[in-house]
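Geometric and topological summary
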Amino acid sequence: GTPTAYSIAATVAVAATSDLTGGPKLLVLATDGEPGDCAPRPQAATLEVEGEVTRAFNKGIQTFAISISSGTDIPHMQRVANLGVGLAADTATPAPVYTAESEAELKLAFSTILTDVPRSCVFSLNGRVEADGADRGSVTLAGQALAYGDPDGWTLKQADQVELVGDACARVQAGEDDLDITFPCA
């Protein structure tokens, strides 16, 4: 079988308790749209998937649907896409359902999804920085050093998070992803 509902529930259970990036949480469901479980119950299985996607959204996790087969159950995938971004299952203005029947189309679908979702300007650190030592950190964006406390640079949001602000944040939200954050030990 294809235990899609169980897979979504297990993924959401982990993601809902984790906050590694401070940014939005996304679930990308790439499937042929034919969920199942150990017992062949196609109608019940699609309802279970739609229920899990709704529960994920209610926990702050958006779901994006990618159809990976020409035989996909499009009405079901459309309901998943709608519910995944907080719309009614049968809304008049539906959410996009992405299609991918090749590696290139799958890459394009992921790229489009990631481009369309607002990017966070808050980044989690592997460790903690005391506020009085924040200015010893080094943050570079696309090879350009950013200044601590500058309105277009960065701040220490909390002991384990750096926040880019102003122009630096705008550049990340526009797609710049060459970011390096370093703090000295001790």
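Position numbers for residues count from 1 along each chain, tracking the sequence in the order it is written. Per-residue local features of the predicted model are confined to residues with pLDDT of at least 70, and side-chain atom pairs are confined, for both listing and counting, to 80 or more; whole-chain, interface and lining totals are unaffected and use all residues. As a convention, hydrogens and water are excluded, and side-chain values are obtained from all of the structure's heavy atoms.

So, about the sheet that holds strand β4 (residues 122-124). Strands are labelled as partners when DSSP assigns at least two bridges between them. Secondary structure elements follow DSSP: runs of H or I of four or more residues count as helices, runs of E of two or more count as strands, with numbering from the N terminus. As summarised here, the arrangement of the three strands in space is β4-β8-β7, forming an open sheet in which the pairing is antiparallel. The strands lining the two open edges of the sheet, one partner per strand, are β4 and β7 (154-158). If you compare each strand with its neighbour and ignore which way they point, the axes differ by 30° on average. The sheet contact formed by β4 and strand β8 (residues 161-164) spans three bridges and is antiparallel. Along β8, the bridge assignment pairs Phe123 with Val162. Structural elements are reduced to axes, namely lines fitted to C-alpha atoms, with helices fitted over the stretch in contact, and the angle between N-to-C directions of any two is expressed from 0 to 180 degrees.

Time to look at the side chain of Glu52. Turning to its location among the elements, Glu52 is positioned in helix α2 (residues 42-58). For every residue, the accessible area (1.4 Å probe, protein chains only) is compared with the maximum for its type, and the residue is labelled buried under 20%, exposed over 50%, or partly exposed between those bounds. Judged by relative accessible area, Glu52 falls into the buried class, the value being 17%. What qualifies as a polar contact is a pair of N or O atoms within 3.5 Å, subject to a donor-acceptor requirement within protein and to the restriction that residues adjacent in sequence count only when both atoms come from side chains. Of the polar contacts made by the side chain of Glu52, one reaches the side chain of Arg55; its length is 3.1 Å. Contacts are assigned to residue pairs with any non-hydrogen atoms lying within 4.5 Å of each other. Excluding its chain neighbours within four sequence positions, the residues that come into contact with Glu52 are Ala5, Ile8 and Ala9.

Glancing now at the packing of aromatic side chains. Pairing of aromatic side chains here covers Phe, Tyr and the six-membered ring of Trp, requires ring centres within 6.5 Å, and sorts the geometry by plane angle: under 30 degrees stacked, over 60 edge-to-face, intermediate tilted. Enumeration over the complete set of coordinates arrives at two aromatic pairs. Residues Trp154 and Phe183 carry aromatic rings whose centres are separated by 5.8 Å and whose planes lie at 80° to one another, so their mutual orientation is edge-to-face. On the criterion of sequence distance, the pair formed by Trp154 in strand β7 and Phe183 in the segment after β9 (179-182) is long-range, its members being 29 residues apart. Grouped by ring-pair contacts, the aromatic residues Tyr148, Trp154 and Phe183 constitute a single cluster.

A cluster of nonpolar side chains, namely Ile68, Leu106 and Phe110, defines an oily patch on the protein surface of about 220 Å² accessible area. Looking at the secondary structure, you find Phe110 in helix α4 (residues 103-116). Assessed through its relative accessible area of 34%, Phe110 is described here as partly exposed. What goes into a patch is any residue over 30% in relative accessible area without a salt bridge, connected to like charges within 9 Å or, for nonpolar side chains (Val, Leu, Ile, Met, Phe, Trp, Tyr), within 5 Å. The Shrake-Rupley method, run with a 1.4 Å probe, gives the accessible areas here. Residue values count only the displayed protein chains as cover. By salt bridge we mean one thing: a side-chain nitrogen of Lys or Arg within 4 Å of a carboxyl oxygen of Asp or Glu.

Pairing between side chains of opposite charge can happen when the charged atoms of each approach one another. Across all of its chains, the model carries three salt bridges by this definition. Taking the shortest distance from any N to any O, the salt bridge between Arg79 and Glu50 comes out at 2.8 Å. With Arg79 in helix α3 (residues 74-84) and Glu50 in helix α2, the pair connects residues that are 29 residues apart, well separated along the chain. Owing to a relative accessible area of 26%, Arg79 belongs among the partly exposed residues under this scheme. Across the pair Lys107 and Glu103 runs a salt bridge, and its minimum N-O distance is 3.5 Å.

What makes a nonpolar core is a set of buried Ala, Val, Leu, Ile, Met, Phe, Trp, Tyr and Cys residues whose side-chain atoms join them at distances within 4.5 Å. Counting 15 residues, the largest nonpolar core has Ile8, Val49, Val53 and Val80 as its most contacted members. Secondary structure elements with two or more residues in this core: α1 (4-16), β1 (25-31), α2, β2 (61-67) and α3. Top contributing element to this core by residue count: α3, with four residues. Ignoring anything within four residues of it in the chain, the contact list for Val80 reads Leu29, Val49, Glu50, Val53, Thr63 and Ala65. One finds Val139, Leu141, Leu146 and Cys169 within the second-largest nonpolar core, a separate group that totals 14 residues.

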